[in-house]
Amino acid sequence: MNAAPRHSNPLALRNEWLSSEFRRSYGWLTATVHRLVGSRNDAEDLAASTFTELAALDEVGRVRQPRALLTTIARRLTYEFWRRRDLERAWLAELAQRPEGHGASAEEVCMTVEEIVRIDAALATLSAKAREAFILSQFEELGYAEIAARLGVSTSMVRKYVAQALAACWPAA
């Protein structure tokens, strides 16, 4: 912990530690993330999300190197942010290729965005390799052997990863 605790209540100690760490590290974390994403607004959102995840951890007061943990959480969230942005850009590029007058209606756009968010949340529950295998298979249209070589796993493992991702994204009704 940073300073001597003023309270003996565990919840008060936790809140005091989180508040102190937020004041000490929020500006630093925002600047760090800003260098990664290039947008101050996105950096602030990602930094706030990072602290939200930190606050959700059990035993947060036992963290010995808060900035190292914040960096790890922020990098993961930044990766997810880029992945979502890439999906959005790919979808917008697809829309741009549609013939004039065949654009999506507002309802179609809303439904598609909701579906992307749902799929993104489903993929977030998987391991990094399972997510990567699914993305390489579905969006880059690579074969399982090529994905296996990239990920350093067997072809059968790639099949399992893709099956896990498909089951997570479209569970049986």
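Residues numbered from 1 in each chain as written. Predicted model: local features only at pLDDT ≥ 70, side-chain atom pairs only at ≥ 80, totals over all residues. Heavy atoms only, no water.

*Asks:* Got a minute to help me understand the overall build of the chain in this structure?
*Replies:* Check the secondary structure of the chain and you find seven helices and zero strands. When the helices and strands of the chain are placed in sequence order, the string is α-α-α-α-α-α-α. Compactness check: the chain gives a C-alpha radius of gyration of 20 Å against a globular reference of 16 Å for 173 residues, more than 25% above the reference. C-alpha atoms of the chain, sized along the principal axes, occupy 65 × 45 × 35 Å. (Helix = DSSP H or I, 4+ residues; strand = E, 2+ residues; numbered from the N terminus. Rg over C-alpha atoms; globule rule 2.2 N^0.38 Å.)

*Asks:* Looking at this structure, I do not really get unusual backbone geometry. What am I missing?
*Replies:* A negative phi holds for most residues other than glycine; trans holds for most peptide bonds. Unusually for a residue other than glycine, Glu59 sits at a positive phi of about 55°. Considering the arrangement of structural elements, one finds Glu59 in the loop between helix H2 (40-56) and helix H3 (66-96).

*Asks:* Help me understand the packing of helix H1 (residues 10-37) against H2 in this model?
*Replies:* The description of two packed helices rests on the angle between their axes and on the distance between the axes. As a packed pair, H1 and H2 sit with axes 8 Å apart at the nearest point and diverge in direction by 145°. The chirality of how H1 crosses H2 is right-handed. For the contact of H1 with H2, the class distribution of residues is 16 nonpolar, four polar and five charged. (Axes fitted to C-alpha atoms, helices over the stretch in contact; angles between N-to-C directions. Left-handed = near helix turned anticlockwise from the far one by under 90°. Nonpolar A, V, L, I, M, F, W, Y, C, P; charged D, E, K, R; others polar.)

*Asks:* So what exactly am I meant to see when it comes to the packing of aromatic side chains here?
*Replies:* Two aromatic rings are characterised by how far apart their centres lie and by the angle between their planes. The tally for this structure, following the rule as stated, stands at four aromatic pairs. Look at Phe22 and Phe51: their rings are 5.0 Å apart centre to centre, the planes differ by 75°, and that puts the pair in the edge-to-face class. Residue Phe22 is found in helix H1, and its partner Phe51 is found in helix H2; the two are separated by 29 residues along the sequence. Judged by relative accessible area, Phe22 falls into the partly exposed class, the value being 36%. Ring centres of Phe134 and Trp170 lie 6.4 Å apart, and the angle between their planes is 50°; on these two criteria the pair is classed as tilted. With Phe134 in helix H5 (residues 128-138) and Trp170 in the segment after helix H7 (155-169), the pair connects residues that are 36 residues apart, well separated along the chain. Judged by relative accessible area, which is 2%, Phe134 ranks as buried. Three or more aromatic residues joined by ring pairs make a cluster, and in this case those are Phe22, Tyr26 and Phe51. (Phe/Tyr/Trp six-rings, centres within 6.5 Å; stacked < 30°, edge-to-face > 60°. Buried < 20%, exposed > 50% of the residue type's maximum accessible area, 1.4 Å probe, protein only.)

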